[in-house]
Structure formats: C-alpha cells, structure tokens
Amino acid sequence: MNLLLAEVAQATQRLADAGVPSPRTDAEELAAYLHGVKRGELHTVPDADFDARYWEVVARREAREPLQHITGRAYFRYLELQVGPGVFVPRPETESVVGWAIDAVRAMDVVEPCIVDLCTGSGAIALALAQEVPRSRVHAVELSEDALKWTRRNMEGSRVDLRQGDALTAFPDLDGQVDLVVSNPPYIPLTEWEYVAPEARDHDPELALFSGEDGLDLIRGLERTAHRLLRPGGVVVVEHADTQGGQVPWIFTEERGWADAADHPDLNNRPRFATARKALP
Amino acid sequence: MFEAVEELVAEHADLEKKLADPSVHSDQANARKLNKRYAELTPIVATFRSWKQTGDDMETAREFAADDPDFAAEVKELDKQRDELTEKLRLLLVPRDPSDDKDVILEIKAGAGGDESALFAGDLLRMYLRYAERIGWKTEIIDSTESELGGYKDVQVAVKTKGGQGATEPGQGVWARLKYEGGVHRVQRVPATESQGRIHTSAAGVLVTPEAEEIDVEINPNDLRIDVYRSSGPGGQSVNTTDSAVRITHIPTGVVASCQNEKSQLQNKEQAMRILRSRLLAAAQEEAEKEAADARRSQVRTVDRSEKIRTYNFPENRISDHRVGFKAYNLDQVLDGDLDSVIQACVDADSAAKLAAA
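Model, not experiment: these values are computed from the prediction.

Re the domain arrangement of chain A
Then, number 1: What the domain assignment reports for chain A is domain 1 (1-62) and domain 2 (75-276).
Then, number 2: Distance between the C-alpha centres of domain 1 of chain A and domain 2 of chain A: 34 Å.

Put into structure tokens, the structure is as follows:
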C-alpha cells in the first residue's frame, strides 16, 4: 500500500481513540479532501505527493471539530454546500425527508409548484428541491445573520427566493398559495443536552438545535405558519427527534384544519418526520 | 474449411441491402440491431475474402512455380499469409461474450482463515490495482471492511476503462480480461501471524460482476432492505453523521451491494443500486447458463464460486491456475501486477473451448 494509506490507518486509530464515531470515514475523507481525490482513489496518490498538512487536519478532527468545518464542504443529495461556524451542518436523515417531499410534490401534478423552506440554514432543503423539482418556485427563510452568510453563498446563482426573518411570520405575500411547506426546525429537547455529540453541541448554532424543554416549541408555532401559507390540499413536512414520533403528528389535528397526519421513519427505522395535508374547506 | 462462413457472407450481403433501404431506418431500434450485426460480420467477411483470395493466388502461383523460381518464393510467402489469415479467421469466429466491453465490480472476500486470509485479500487487492494501473484502467474502492492487521475482510473495487464508458475497441473491456478471476484463490505461506514458522494454507474469494445497464433488470422496492450508518445516540440533529455508506440487501436472493465512495447518502444509495442490479443480472444469467447446459458455455469462467481456481505458493514463488494447467515461478511479479500471462492462458483456453464447441 502507498504512504497515504499507511498514514490514514494511523489517523484512523487516533480518531478512534478521541471518540470520533466513524474514525475511518473521517480519516479517509480528510485525506481525500487534502489530496483532491475521491475517497476510493486514495491508493492512486503517489508517495511523493503526500501532503504533511494531513496531520494538522487530523489533529483538528481529533479535537472534535466537525469534518465539514475542516473541509468547508457538506454534501446533501446531489448538492455540494459551503459550511462553517455559524451554520448548521446538514444531516443524512434530512435527505430522506426531502425525498418524501419531492415525491409528494410530484404526485400533486402542479405545473409550477410553490414550495417554502422554513429555517433553511445552509439552504440544503430549498436548493435540493429547486434542483430536483423542475419548474418549482422555491422560497426560503432564515433568521440568523451568521447562518445567512453561508446561505447566500450557497444560493448564489440559484432561483431560490431567500429572505431574512422569523419563520413564524414569514411570507405574508404567499398566504394560501403554497403547495408544500418543509422544515428541519430545531427540535432537540433541552433535557437531552448532555447526549448531544460535541461536533453538534459545540459547533452547530444553538438556535438550529434547541427549542424549549421538550424541543417542540418551534414546531408548535410552525403548525400555524404552515396552515396560513398552504392552499387547501397543500402538504407540510417537518423533521423531528426520534422520541417525538408520537407527539408531532398530534400537533396537526383535524380540529386545527389538517387531514392525513402521519409519521415516518428514517432509514434506521427511527421516527424522523411528520406530514399532514391542509384540509379542504 | 470455413464452409459455414458462406452463410455469414450471405447474411452480410442481405444486411447491406436492408440498411441501404431508407424505410428500415424508420424503426430506430431495429436499425440499430441490424447495424450492430452488420458491424460484427464485416471483419469476418473481409478476412474470409482475403483468405479465399490468398488461396486462389496460391493455386495460380503453384502452377507457375515448376518453371519459375520467383513464383516458388511467392508460394512460400502466400502460404505464410494464408496461415495467418486462417488463425485470424478462427479467432473471429469464436462466439463473442456480449459483456466483454463492460466495466466490472470486483469484490475480494477473506475466507475462514481469519487474519491471514484478510492479509491475503489485501495482497490480491494490491495485485489487481497494480494490474489495472499497468493497463491504464481506472480503479475506485467503493466499499471496504478492514481487518485488524491491515488486511481486508471485504473490499469492492470498480474497475473502468478510462472514460468509464466501457471499451473503445470491441472485446477489449475490463470484463474480457477479469472475468476469469472469479472463484477461490488459495495461498500457501508462513503467515505473519505464525510464530512457529509453519506453512499454512488459507484462501480468499473473488467475485467479478460486469456492470449492468439501467434497463437490464427490474427490482421490486419491497424486496430491499437498506442499511445505513447508525449512531449510538438518537441520530438527526444530535449527531453530526459523516458516514454516508449504504448497504442494500435483496431479500429474496440474499444478494448484497454496498457503497461508501460517493459524496452523499443518496448518491451512495444510487451507486449501490447499480451494483445490486449488476449482481442480480449476473446471477440470473449464470442460473440460465447452468440450466441450459449450453454447449458453448465457457469452460474456464467458473460458475461455481467455491471452485479453487488458483494457488499462490510463496515458498516456491509459484503461481498455478488449476483450470488451465498454468504454472509459473514468478509469483512475486504476479502479485506486483504482472498478471498478463496467467490471464492470457485463461483467455486462450476459453477461446479454444468455445471454438471446439462452435
């Protein structure tokens, strides 16, 4: 094996000792990033090209700085996003949430579907929908100025309508016209703070992670916002914590003007997102 | 000799006539099919014509040779040409494997031998990577499970001709050379883990699959189980998950495909699906081949994955392929990627077997 693979094997051990959850993945991704190859092409890097800065980036990861902050990149579905301090790093679970949303909006058979992403962060959800749903009109809102620096970079040249502001009062101009509202709002219960991994707890913005004692404060508010924005028959999709599968669908009740409220698991079969349809009058 | 070729010549002439008719091209799919067959037959017909012409020329030259020494020399030259053309034609008539142009997924799995077997799997991996590098193929490790001592419990490599779009010349794809690698590879040596200096025998399995095209096979989504990285905590926002590997199991057949080399979970899932399709298609074809007991079936490519096809004997620096009786004493070079002679022995034996059956 070449020098790089030998160094990667050592780095893997160091990251494992530091408690990094998938040490080999991270050791290989850091090496691939630094040497400009895909993860599966590390064996093709000549020994002479080994970049000694590898040990600097490994040390940063050892200190539990997020992999994506070191590389400055996060991947989401078909997107490559720029991320760093101040913005929430997209998670693979949300890829499935967007997959469900895309299927739902396709099934509507609307020519130019109107889509709203609340609490867009890096812009991952909004950009994926704009990319994968032809002729969609996508609107996104983000409150945090720190996050928006990244959102604007990622949305440069895209057709997403980005606004700064509070998700609860956003888009008064779209009331009753939206086909799909989707959101990955902060949902970790404050009571679970100690179980949050250091990469998230110390590096993702608190605003993107926590929302009240039970984590449901913002979702309860978004229920009203979604109802205001959606046309009758329009659909809402909201991500939530694995412990909230029994609660979130009950926020979207018939009394509040919803139908077909349901909960869905992620690929690990953990409860992950709730969906509902705005009832016809 | 070559009486059957007259039929192909007639077919070729018939195709030429059809393809000249504009109405044939209104059915695009059919026109493509005719064109493909025409292109297959063209070199055979051309070589056959030269072969016949050389025969006629030889007759004429022979008639004059008795009186003229110049013609005697020409007879000799023509005889040589005719032998070459005969061989070329024989090879052209070997039934072609339609997958020969395709790229492959090569998987190496350590056997029951524990660490030693995993180290040997690593040696095989290196051998194939070096071999591909020599030819100029592109290799990507798409999934791997390492063993403790730096070997591999399981590793999968995508091997592609440079553009990634199959071969440029017909029959020169990755599958044409690597299809003979499938089976059990046995190693005899003193393992690094052995303190008494005793020679052990262990083994690793190799599975080679040509990459299927999208349309080749249909899969019912309900038959699939999808596994992704599972954090010890609650997942979602609580943990920054970096491992986007995806493993897909086709429940009815137990066939598994996985990928970790793509950027996102979705892209890994799509790549794993492509591999799964290839494996299911290959399994279905092998099954069909077995059932038909086709006389033209390749005699070298093993359908039986448990067949021991090769031995790598370190003390004697010997490599042998048991299917074709190949033996050479340059194991060190072979493991460094000099695989050509052992593969060529398999190609030749396969061609000969197919020719005998044709």
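Next comes the rest of the write-up.
Considering the packing of helix H2 (residues 28-65) of chain B against helix H3 (residues 69-92) of chain B
Residue and element names in this part refer to chain B.
Then, number 1: The geometry of H2 relative to H3 is characterised by a closest axis approach of 9 Å and an angle of 160 degrees between their N-to-C directions. Taken together, the axis directions place H2 and H3 in an arrangement best described as roughly antiparallel. As for the relative orientation of H2 and H3, their crossing is left-handed in sense.
Then, number 2: A per-class count over the contact of H2 with H3 returns 16 nonpolar, 6 polar and 5 charged.

A few points about the sheet that holds strand S2 (residues 138-146) of chain B
Residues and elements named next belong to chain B.
Then, number 1: With respect to topology, 8 strands assemble into an open sheet ordered S2-S3-S1-S5-S4-S9-S10-S11, the strand pairing being mixed. Each having just a single partner strand, S2 and strand S11 (326-328) make up the two edges of the open sheet. Neighbour-to-neighbour, the strand axes of this sheet turn through a mean angle of 15 degrees, independent of strand direction.
Then, number 2: Sheet analysis places strand S1 (residues 104-110) next to strand S5 (residues 200-210), joined by 7 bridges and oriented antiparallel. What sits directly across from lysine 109, in S5, is glycine 205.

Focus: the nonpolar core
Residue and element names in this part refer to chain B.
Then, number 1: With 39 residues, the main nonpolar core has Ile108, Leu124, Tyr128 and Leu178 as its most contacted residues.
Then, number 2: At the level of secondary structure, the elements contributing two or more residues to this core comprise S1, helix H4 (114-135), strand S3 (152-160), helix H5 (174-178), S5, S11, helix H7 (331-335) and helix H8 (340-357).
Then, number 3: It is H4 that provides the largest number of residues to this core, a total of 9 residues.
Then, number 4: Excluding anything up to four places from it in sequence, leucine 124 contacts Ile108, His185, Ala204, Val206 and Tyr312.

Thoughts on the domain arrangement of chain B
Residue and element names in this part refer to chain B.
Then, number 1: Domain parsing of chain B yields domain 1 (1-92), domain 2 (102-212 + 301-355) and domain 3 (219-289).
Then, number 2: Here domain 2 and domain 3 have C-alpha centroids that lie 24 Å from each other.
Then, number 3: Facing the 16 residues of domain 2 at the interface are 13 residues of domain 3.
Then, number 4: Buried surface at the junction of domain 2 and domain 3, summed over both partners, amounts to about 1400 Å²; 42% is from carbon and sulfur atoms.
Then, number 5: At the boundary of domain 2 and domain 3, one finds 1 salt bridge.
Then, number 6: For arginine 279, the salt bridge goes to glutamate 107, with nearest N and O atoms at 3.0 Å.
Then, number 7: Counting across the interface, domain 2 meets domain 3 through 8 residue pairs in polar contact (both at pLDDT 80 or more).
Then, number 8: Residue assignment for the side of domain 2 that touches domain 3 shows that the elements contributing at least two residues are S1, S2 and S5.
Then, number 9: Ranked by residue count, the leading element in the side of domain 2 that touches domain 3 is S2, at 5 residues.

Some details on the interface of chain A and chain B
Accessible area lost during the coming together of the parts is what is often quoted as the interface size.
Then, number 1: In this assembly, 43 residues from chain A lie in contact with 33 residues from chain B.
Then, number 2: Approximately 3600 Å² of surface area, both sides summed, lies buried where chain A meets chain B, with 46% of it carried by carbon and sulfur atoms.
Then, number 3: Where chain A meets chain B, there are 4 salt bridges.
Then, number 4: Measuring nitrogen to oxygen at the nearest pair gives 3.1 Å for the salt bridge that ties lysine 38 of chain A to glutamate 140 of chain B.
Then, number 5: For the side of chain A that touches chain B, the secondary structure elements donating two or more residues are helix H2 (23-35), helix H4 (67-71), strand S1 (73-76), helix H5 (92-108), helix H8 (198-203) and helix H9 (206-209) of chain A.
Then, number 6: Classifying every residue of the side of chain A that touches chain B by side-chain character gives 20 nonpolar, 8 polar and 15 charged.

Considering the pattern of salt bridges
All names here are of chain B.
Then, number 1: In total, this model carries 53 salt bridges over all chains according to the counting rule given.
Then, number 2: Here arginine 189 makes a salt bridge to glutamate 116, at a shortest N to O gap of 2.8 Å. In this pair, arginine 189 is assigned in strand S4 (residues 183-189) and glutamate 116 in helix H4, connecting sequence segments 73 residues apart.
Then, number 3: For arginine 189, a relative accessible area of 11% puts it in the buried group.

Each value, and the rule that gives it
- Residues numbered from 1 in each chain as written.
- Chains lettered and ligands numbered in written order.
- Predicted model: local features only at pLDDT ≥ 70, side-chain atom pairs only at ≥ 80, totals over all residues.
- Heavy atoms only, no water.
- Domains from an automatic or database assignment.
- Axes fitted to C-alpha atoms, helices over the stretch in contact; angles between N-to-C directions.
- Helix = DSSP H or I, 4+ residues; strand = E, 2+ residues; numbered from the N terminus.
- Parallel < 35°, antiparallel > 145°, perpendicular 65-115°, else oblique.
- Left-handed = near helix turned anticlockwise from the far one by under 90°.
- Nonpolar A, V, L, I, M, F, W, Y, C, P; charged D, E, K, R; others polar.
- Pairing = 2+ DSSP bridges.
- Core = buried A, V, L, I, M, F, W, Y, C linked by side-chain atoms within 4.5 Å.
- Buried < 20%, exposed > 50% of the residue type's maximum accessible area, 1.4 Å probe, protein only.
- Contact = heavy atoms within 4.5 Å.
- Buried area = accessible area lost by both parts, 1.4 Å probe.
- Salt bridge = Lys/Arg side-chain N within 4 Å of Asp/Glu carboxyl O.
- Polar contact = N/O pair within 3.5 Å; in protein donor to acceptor, adjacent residues only side chain to side chain.

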